[in-house]
Amino acid sequence: MLMGLSYEEIIDKIKEKGLSQTEIENKIKQRLEQLSGLISKEGAAQIIANELGVKIFRDVGKLKVKEIKIGMRDIEVDGKIVNVNEVRSFKTEKREGRVASLMLGDETGQIRIVLWDEGQIKRIENNEIKEGLILKIKNTYCRDNNGFKELHLNARSEIVLNPEGVVIENVAESMSSAEFSHKNISELKESDRNIILRGTIVQLFDPRFYEVCEKCGKRALMENGVFKCADHDVVGIKYAIVLNLFFDDGTDNIRVVCFRDAAENVLGKKEDELQNIKENPAEFENLRKDILGKQLEINGRGTMNEMFNRLEFIASRVEELKPEKLLQ
Ligand SMILES: [Zn+2]
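So, how was this worked out
- Every residue gets a number counted from 1 within its own chain, in the order that chain's sequence is written.
- Selection of residues for local features in this predicted model requires a pLDDT of at least 70, selection of side-chain atom pairs for listing and counting requires 80 or more, and totals for whole chains, interfaces and linings are taken over all residues.
- Calculation of side-chain values draws on the structure's entire complement of heavy atoms; hydrogens and water are dropped beforehand.
- Starting at the N terminus, helices and strands are each numbered in turn, a helix being any DSSP run of H or I of at least four residues and a strand any DSSP run of E of at least two.
- Note that the radius of gyration is over C-alpha atoms, with the globule rule given as 2.2 Å times the number of residues to the power 0.38.
- Using a 1.4 Å probe on the protein chains alone, a residue whose accessible area is under 20% of its type maximum counts as buried, one over 50% counts as exposed, and one in between counts as partly exposed.
- Throughout, a residue-residue contact means that at least one pair of heavy atoms, one from each residue, lies within 4.5 Å.
- Asp and Glu count as negative and Lys and Arg as positive, but His and the ends of the chain are not part of the count.
- Charge placement uses NZ in Lys and CZ in Arg. For Asp and Glu, CG and CD serve respectively.
- Here the aromatic set is Phe, Tyr and Trp, taking the six-membered ring for Trp, and pairing holds for ring centres within 6.5 Å; pairs whose planes are under 30 degrees apart are stacked, those over 60 apart are edge-to-face, and all others are tilted.
- Paired strands are those between which DSSP finds at least two bridges.
- Coordinating donors are taken to be N, O and S atoms lying within 2.8 Å of the metal, or within 3.2 Å when the metal is Na, K or Ca; because water is excluded from the atom set, some sites may appear incomplete.
- Geometry is assigned from donor-metal-donor angles: four donors are tetrahedral when every angle falls between 85 and 135 degrees, four are square planar and six octahedral when opposite donors sit over 155 degrees apart with all other angles between 65 and 115, and any other arrangement is irregular.
- Arc, as used here, means the arc of the directions from the helix axis to the C-beta atoms.
- These domain boundaries are the output of an automatic or database domain assignment.

(A) Region of interest: the overall build of the protein chain. From N to C terminus, the protein chain includes 8 helices and 17 strands. Relative to its length of 328 residues, the protein chain is compact, with a C-alpha radius of gyration of 21 Å against a globular reference of 20 Å. Projected onto its principal axes, the C-alpha positions of the protein chain cover 60 × 55 × 50 Å. Residue burial in the protein chain is summarised as follows: out of 328 residues, 43% are buried. Across the protein chain, the fraction of contacts at a sequence separation of at least 24, relative to all contacts at a separation of at least 6, is 60%. For the protein chain, the separation between the mean place of its 52 positive charges and that of its 58 negative charges on side chains is 2 Å.

(B) Layout of the packing of aromatic side chains. Scanning the entire structure with this criterion turns up 3 aromatic pairs. Here Phe 90 and Trp 116 contribute two aromatic rings whose centre-to-centre distance is 5.6 Å and whose plane-to-plane angle is 85 degrees, an arrangement assigned as edge-to-face. Of this pair, Phe 90 sits in strand E3 (residues 88-91) while Trp 116 is found in the loop between strand E5 (109-115) and helix H4 (118-125), placing the two residues 26 residues apart along the sequence. A residue is classified by how much of its surface remains accessible, and Trp 116, at 31% relative accessible area, is partly exposed. Considering the side-chain rings of Tyr 210 and Phe 259, the 6.3 Å spacing of their centres and the 85 degrees angle between planes classify their relative orientation as edge-to-face. Of the two residues, Tyr 210 sits in strand E11 (residues 208-213) while Phe 259 sits in strand E15 (residues 253-259), which places them 49 residues apart along the sequence. In this structure Tyr 210 comes out as buried when scored by relative accessible area, which is 12%. Classification of Phe 259 as partly exposed rests on a relative accessible area of 32%.

(C) Up close: the environment of Gln 295. In this fold, Gln 295 is placed in strand E16 (residues 295-305). Residue Gln 295 is classed as partly exposed on the basis of its relative accessible area of 41%. Once the C-alpha coordinates of Gln 295 and Glu 107 are considered, the two residues, 188 residues apart in sequence, prove to be 32 Å apart. With residues up to four places along the chain from it excluded, the contact list for Gln 295 reads Gly 199, Thr 200, Glu 320 and Leu 321.

(D) Geometry of the pairing of E3. Relative to strand E4 (residues 96-106), E3 runs antiparallel, the two being bridged by 4 bridges. Within E4, the position partnered with Ser 89 by the bridge is Arg 98. Counting the residues in the hairpin turn of E3 and E4 gives 4 residues.

(E) Looking closely at the coordination of the zinc ion. Coordination of the zinc ion by the protein involves Cys 213 (SG), Cys 216 (SG), Cys 229 (SG) and His 232 (ND1), with metal-donor separations of 2.0 to 2.3 Å. Bound by 4 donor atoms, the zinc ion shows angles of 104 to 121 degrees at the metal and therefore tetrahedral coordination geometry. Sequence positions of the donors to the zinc ion reduce to the motif C-x2-C-x12-C-x2-H. You can see Cys 213 sitting in strand E11 and its partner His 232 sitting in the loop between strand E13 (226-228) and strand E14 (237-248), a full 19 residues away along the chain. The class for His 232 is partly exposed, based on a relative accessible area of 22%.

(F) Spotlight on helix H8 (residues 282-291). For H8, the full list of buried residues reads Phe 284, Leu 287, Arg 288 and Ile 291. An end-on view of H8 places all buried positions within 110 degrees of arc, on one side of the element. Of the exposed residues in H8, the ones pointing more than 90 degrees away from its buried face are Ala 282, Lys 289 and Asp 290. Of the surrounding secondary structure, the elements contacted by the buried residues of H8 are strand E10 (195-204), E14, helix H6 (260-267) and helix H7 (271-279). Just downstream of H8, Gly 293 is the residue with a positive phi angle, here 90 degrees.

(G) Summary view of the domain arrangement of the protein chain. Assigned domains within the protein chain: domain 1 (1-56), domain 2 (57-178) and domain 3 (180-327). Measuring from the centre of the C-alpha atoms in domain 1 to the corresponding centre in domain 3 gives 28 Å.

(H) How the structure looks around the pairing of strand E7 (residues 148-153). A large share of E7 lies buried, amounting to 5 of its 6 residues. When E5 meets E7, the two strands line up parallel, connected through 4 bridges. When the sheet's bridge partners are listed, Arg 112 is paired in E7 with Glu 150. Examined bridge by bridge, strand E6 (residues 134-145) and E7 share 5 bridges and lie antiparallel to one another. Bridging across to E7, Cys 142 finds its partner in Leu 151.

Pasting the structure below:
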C-alpha cells in the first residue's frame, strides 16, 4: 500500500536538509498566511518540502490513474487521450511561456495532464499527440488543483506514444464518478479531498463579488490604477461571485464556500443574472427564501480556515440532490 507521509513525518524529512523544527514551522506558518487558509497545514508542509526538493513519497513507479495521490513523484502511468485542450500562453512577473493540457484515462479514472515543456507542447501542436492515442508517461508528479489531481510534466518527463503491449479497452467515465467518495460532515477532516457531501442548506450568507479578467476569467487586481490579470494588462473586468452557506447532513453542519459555477448552481442563476444581484442586493432576499432548505450534493474538499480556526468545505461542483442518490 502506498502512503503519503504525515505532517510530523514531512517535518522530519525536511529536517534532513539541516533546518530546525522552528525554522520549518515558521516557513509553514508563513505559507499558510500567504494562502490565507486556502490550504491545510499538511498541504503547506508538502509545498515547503517540494520547494526544498525533499521527497515526501517513495518513488512510486507504475500506477493506475485511481492510485495516483497528490504529492507523488516519479510516477509512471499508461492511458488513452480523452481530449486535448488548446495550448495557452501565460505571462507572470517571474516568467512567461506556454502550457498545454489533456485528459488521460484508463479503466479506473481520468486525470488532467499538464505539459510545460516546449518540445512536448510542439508535439501537440503538430498533431502527433492527439485524441484517442495511448500514451505512457514517465517521471511525472502529481499536484493538487482545487481538489482535483493533476499530473505535471517537465523536460525530464517522458512521453511514449503507442507503447508496446499496452491496451486500454474502456476509459472510466469521469474524474468525479471514479474518485469522489461520500462522507458525513461529522467525519470530515481538513485533509480530505474529492469528497461528496449530501445535505440541506440551512443558512445562506449575502454573496460577495470580486473582479476577474473579461478575457480569461482569472482574478484581476488593481495595480497603479489599472486592472491586470496573470495573463493580460489593462483588462476589461467582470464580476465573479463567491457564496457562503451552512450545510447540514444530520450528522453535523459546516460552512461551505462556493465560487462561480458552484455558486451559480446553488442559486440556479446564470452569470449575467447574478450581475443584477450585485447591482440590487435586495433581489437576493427573494432568492434566499427559495434557496434555504434546498437539498444538494456538493463535491469538494475540506480546508482549515486559519483565521477563524474552523473546518470549512470548498465546493468544486454542486448538484441538486436526487432522491435515488440517498440510497447509494
Ligand atoms: Zn486575462
